Each structure stands twice: as C-alpha cells, then as structure tokens.
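A structural walkthrough
Listed below are the residues making up each chain.
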Number of protein chains: 2
Amino acid sequence: MEFEVKKTFGKARLGVMKLHHGAVETPVFMPVGTNASVKLLTPRDLEEAGAEIILSNTFHLMLKPGVEIIKLHRGLHNFMGWKRPILTDSGGFQVFSLPKIRIDDEGVVFRSPIDGSKVFLNPEISMEVQIALGSDICMVFDHCPVPDADYEEVKEATERTYRWALRSKKAFKTENQALFGIVQGGIYPDLRRESALQLTSIGFDGYAIGGLSIGEERSLTLEMTEVTVEFLPEDKPRYFMGGGSPELILELVDRGVDMFDSVFPTRIARHGTALTWNGKLNLKASYNKRSLEPVDERCGCYTCKNFTRSYIHHLFDRGEVLGQILLTIHNINFMISLMKEVRRSIESGTFKELKSKVVEVYSSGGVNV
Amino acid sequence: MEFEVKKTFGKARLGVMKLHHGAVETPVFMPVGTNASVKLLTPRDLEEAGAEIILSNTFHLMLKPGVEIIKLHRGLHNFMGWKRPILTDSGGFQVFSLPKIRIDDEGVVFRSPIDGSKVFLNPEISMEVQIALGSDICMVFDHCPVPDADYEEVKEATERTYRWALRSKKAFKTENQALFGIVQGGIYPDLRRESALQLTSIGFDGYAIGGLSIGEERSLTLEMTEVTVEFLPEDKPRYFMGGGSPELILELVDRGVDMFDSVFPTRIARHGTALTWNGKLNLKASYNKRSLEPVDERCGCYTCKNFTRSYIHHLFDRGEVLGQILLTIHNINFMISLMKEVRRSIESGTFKELKSKVVEVYSSGGVNV
C-alpha cells in the first residue's frame, strides 16, 4: 500500500491511502461490520453515504460462517457484496473481551461465544485467515490486556504483542494486502513508548494504537495517544482502534491519528439517537412527536431528505425497525460527512474552530437531548 | 377515479386504475404498511420494486400516531414519504380480529391493543379519518363476521355492512379520493349474493370481497369469490382483501379479481423464506449454507444481483437483520414481477399456462423447501 500525507495542521494530517480495492482519504471513519454486515445497512447504503473502507472481524468470521465458506466466495468482498477496501481486526481484541481457557506464547484458546467449543488462535492462524478473507488491511495478532491489568501484566502482554507481531509479519506471505502493527502498553507511558519502538523496529504498513478507550479516563486516553504517536513514523497511517464518538475523533485527529472505527454511531441509532451538527438528538423523546423538521437540517442523507422527526419518532414508538434503519443511514452519513469536514478544515486551516464546535456540542451531551 | 378494462382472458382482466397519486395497472399486489411502514423497507425500496400502490390501516393509524400528527404532515403520503397511491382499510376488519367491548348499529367500541383504552369507530369516524389520511382509495366501514359465526350472525353482519355502507357513502364528502364497498356474507352463497346486490345498488368506485381466506377451505374461498364476482359490475375494480400467496392470487385472477394485499410475502421473508419461480425457498436450511446461487436466478432485484444464498443463510444464522431486509426486498420484487407476468399473460393469451405453473410449484410447497 501507499500512504501520502498531503497536508498538516499542527499534528492533524490530511492523507490518502492507496489500497487494493481503492483509495481512502484520511482522517477516515470505518463503519463496523462484525459479522460481514454493518448492522441494518446494505452495501449500497454504505456506498451512498460515501464510506470508503469498513471494518470486519477475523475472530467472528472464522467461527461463522467459517473461512471455508468465505473462500468459496473468493474472499470477504464477494461474500458480503462490498467492493471497496476492508480492514480486518486480528482477533487480538477478543483476548481482552472474551472468556479464555488458556493464553501463553503459543496462542490463545477461547471458549466460542456461539457454541462453547474451544477455538485456538495465534499469529499464524490469524494471518492465514486474514489472507483468505482478502482484507485490504490486516492487523497483527496482539495481546490486548484487560482494563484492570496491573503493570506487570500489561508489561507481559506488551512484550508478547511484540513477539506475536514478529511472527505475524513472518507469516504474512501475500500480495495486495497491507499489514498494520498494534501498539499496546495500557496506561503506562514507558510501556507505550517501548511497544511503539518495538513495533516500528519491525516495520509495518501502518500502526494501530490498541487497548485504549476501554473505560479509562478521557484525559488518559489522550495522553497515551500522544505518548504513542510521538514514536510512530510520520510516513505511515495511524489507527486508533475502537474509538468513534465525534468529540473523541476530533481530539485524536488533533494528536495526529488518521483512522477510526466504532460501533457507536450504528448502536446508538438502533436505540433512537441521532448524531447531528448540534449534538445528539433523541428521536424517542416526546418533544419530537410533532416535529416536522428533518433529523439534521444540514444533512443531505436519504433519511433527512425524506422524513420528519415526527415520523421516525412514530416508527420507534411502534417498534417498526424502519426507524432503526433510517437512523443508522443518517448516523453513518453524519460520520462520513464529519470526516469530510475534518479533512476540509485541515486543508483550509480551520481545524481548530471545527474541533472546538464539535467538542463543545458533544461534550455537553448535545443541545437536543 | 377512472377504471378501464383493457383486455380479458376468460374472466381474468387486464386493467388500469387512474388514482390521484398515479395510475395502477391491474391485476395488482399491494404491499401492506400497517403502521405507515412496509416492514423493513424504505419507500425507495418499494419504488424500485415497482410497487404502484400500498395498503395502510385506518384503525392502527388513528391510535398511533393519531390523525392529528398525520394532519400536521398534510396526509399519510407526506408522513411516510410515499408518493404513489395508498389504499386504506376502514377498520372493519378489526371488528373481526380484535377484542370488542360493544358492537351495535351505532358502531364498535374496541379495546385498544396498545394501551387497553376504549376506542370508538363507526362509518362516519372511519370516513373522517380516511379523508384526513388522504388515501387514494378508502374502504367503507364494514362488519366482518368472525370465522365461526353461524348463519344468523353472518346475516346480521351482512345487513349491518349494508347499512354502514350507506352511511359511509353519505359521510364521504371529499375530492380526489375513491370509495370502495365491501361485500360480506361469510361462506353462504345467498348472503354473498344479497350483499353484492346491496352494495352495487348503492354504487361505489370499486368492490371488495371481504371476510374470506380467514381459515376456511380453499375450495370455499374460491366458490364464494365466484358467487360474489357474478354480481359485481364489469366496469369497476374488484379487490380480494387479505389474500396474497402466489397460488391464491392466480386462482382469484382467473375468477375476475383485480386487486390483492397480504402481509404474507413480507412476513415469511422475516422468517427466512423466499418466494421464487420454483416455489418457496428456505434460506435458513443447511443446504443453502454453501450455495453460491442467488435467491432466484430469474430475479433482477438488488438482493439477487448482489448476494448469494450462502451469505443470506449466514445473516440469518447470526441474527443479522440485514438477512430479513434482503429477503423482504426480494419477496416484494417477486410479487410485483409475478403480477407483471400475470398481466403480460392475459395480454398474450398465456394466462392458463402461467397459472398452472405457479399453482403447481406453490401447491407442492415448492421444490426447494
């Protein structure tokens, strides 16, 4: 892959990644399609929203439908009908989030959340699966420590992440696919620094910042990101894993991060909350019952062009899933538009003003909630 | 409204209705959007499928969101973002399907299925609501007897239906909206005949056959339809209420019926079953796990052009609602295409062959189930 930083504003960067299935402008937000489906959206909805890249999950896909089925389709793109780039997580995050039976240098034995059976995953298997999926960007298999891990545990996970990154790179024999390293180190600056130096010494197409935004204080999230970015090369994309609220994204772009993913916009849509340029909007709230306004008057998405808040309120009131669909369409459109505005503001030197505005309306919870 | 029969083949008719929001070619299938939403579909999905008219429900809409909210939107079309014709049921079917507190000539007191409160409905209120909704086709408020009603009860309901039809017509002071009468009479030929004569003596823009396909033998459904159609005028559209399986539609077209509605295609889609030119197809069945075929190779819908049976099987397996969405898109496309084929076959004189084929694959349950 190629990556070019076209312009900077402070630490914020305007860039472009050239991947096998197309170019991606950064900073970018990646909608999440864990089970090879961005919940409630068709690939067409995503294309119309302007999504340039989506994320899917190695661990979930290897369980269901299984690699064999996706190989039958000649890869994940054909399987799910998505023609643009895909990034796949390695399964390392599941070391953090799922019950484990055994974890050592060899790999991890999980309890399958689907049927309780044992599942073994290690760097070699993760690479093999991601190569079979045909992901444009693959992630190294890492050890993401749990949130309450102490220093020694995080240190061990960080060192294992390094050893597994070496094995991931060695096993990554493929063409037209990129491999990103993942920096761990928890909330410890020295471990973050060490992990960043270790990963960059191996050399990857890009670098992710893992193990953050998992419950720690926001100030710590930002501090750890700063510490990490300091030791990452200028000429490679930087990806903050699992952070996707508007205000967090703006803070992280300001600290030199280029890529983001989160289930947040799609999840809150299913619960009746829209993201708008004035903050969050609760469509289930009774004050929207009679509102003839669109969800966001500044938005040009299908939902905002065709439906009132009142109609969407009614759909949620009656449990009609169309309400969730229309808000998911809107929220993904909003996130993509937000990132376009972010890029434009870096280009034009107005990033600070945009950031102040977004952080303000989102930190206050939104004027309309 | 205008209605023209352009061609006939036996009793089957090719026609066109000119309604306020557009022309509708008959025989036609109307997707059902009870709560002002055809479940899981956007209006755009419906337009792309070629749907020319949809059905919605007066009783449900007057409870939620209430007429006042829809008036704020200047009618149901604006409220739900649907630009083509709408037919609304009168609430009479709910006399049959919901718990009642009182029913007499004045009207019906229902127990609201939403909050248990008392709801009063009669011909005058039903007309007032349907006029406010702005439906292209309104239905008279009728008394649809329950399936186990005896002769005397059905006779009473049929006579009340006549009196209520008179009152409905009298209360129907509006422009650009059509009013259809509803023939009742249960499974009694003499009552069907009487009801048809009574309704036609009043004079309506079209005539519905109500109270059938509610559990009676299929042969009886067809016989009662024949008895009714015999006494309906040639120059008005005939609408069979609530019947929408492919084989039933073909049988009824063959007996001179022009309009159909049913939740059947959308409901079975949500349960994993597709309608195809080879019969029903169960996408949840394990033999579809590895199938790289589209749902129906003869279908040109978004689902069939972009996804394999294997992918849709996977979505249902993982509980991803996108599977339900994609099958709903397909089933509605199938129904609209089926009706196009029906019209073409009446035009070209091949209706009998089409009917035999559809009845055969659907009566056998479908080769793929």
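Owing to the predicted nature of the structure, the values given are computational and were not obtained by experimental measurement. (Residues numbered from 1 in each chain as written. Chains lettered and ligands numbered in written order. Predicted model: local features only at pLDDT ≥ 70, side-chain atom pairs only at ≥ 80, totals over all residues. Heavy atoms only, no water.)

1. Considering the UniProt feature "binding site: Zn(2+)" in chain A
Residue and element names in this part refer to chain A. For the record, the criterion: UniProt positions are given in the numbering used here, feature names are shortened, and annotations may be inferred rather than shown by experiment. The secondary structure listing takes helices from DSSP runs of H or I that are at least 4 residues long and strands from runs of E that are at least 2 residues long, numbered from the N terminus. Buried, partly exposed and exposed residues are distinguished by accessible area as a fraction of the type maximum, computed with a 1.4 Å probe on protein chains only: under 20%, between the cut-offs, and over 50%, respectively. It only takes one pair of heavy atoms within 4.5 Å for two residues to be counted as in contact.
In the UniProt entry, the feature "binding site: Zn(2+)" is given for Cys 299, Cys 301, Cys 304 and His 330. Across 32 residues, the annotated set stays spatially compact, with a maximum C-alpha separation of 8.2 Å. Positionally, Cys 299 belongs in the loop between strand E16 (279-282) and helix H12 (302-306). For Cys 299, a relative accessible area of 14% puts it in the buried group. Here Cys 299 is in contact with Cys 304 and His 330, once residues within four sequence places are set aside. Following the sequence through the fold, Cys 301 ends up in the loop between E16 and H12. A relative accessible area of 3% means that Cys 301 is categorised as buried. Excluding anything up to four places from it in sequence, Cys 301 contacts His 330 and Asn 333.

2. Quick word on the sheet that holds strand E7 (residues 100-104) of chain A
Residues and elements named next belong to chain A. Quick note on the threshold: Strands pair, by our definition, only if DSSP identifies at least two bridges between them. With axes taken as lines fitted to C-alpha atoms, and helix axes fitted only over the stretch in contact, angles between N-to-C directions fall between 0 and 180 degrees.
Here we have three strands laid out as an open sheet, ordered E7-E8-E9, and antiparallel in their pairing. Looking at the sheet topology across the chains shown, the edges are occupied by E7 and strand E9 (118-121). The average undirected angle you get between the axes of adjacent strands in this sheet is 15°. Pairing of E7 with strand E8 (residues 107-111), which is carried by four bridges, proceeds in the antiparallel orientation. Bridging from a neighbouring strand, Ile 103 pairs with Val 108 of E8. Its contacts with the sheet place helix H7 (residues 151-171) against E7 and E8, and it is angled at close to 75° to E7.

3. As for the pattern of salt bridges
Definition in use: The salt bridge criterion pairs a side-chain nitrogen of Lys or Arg with a carboxyl oxygen of Asp or Glu, the two atoms within 4 Å.
Counted under the stated rule, the structure contains 42 salt bridges over all chains. Residues Arg 44 of chain A and Asp 45 of chain B are paired through a salt bridge, measuring 3.9 Å at the closest nitrogen-oxygen approach. A residue pair is termed interchain when its members come from two chains, as with Arg 44 of chain A in helix H1 (residues 43-49) and Asp 45 of chain B in helix H1 (residues 43-49). What makes Asp 45 of chain B buried here is its relative accessible area of 13%.

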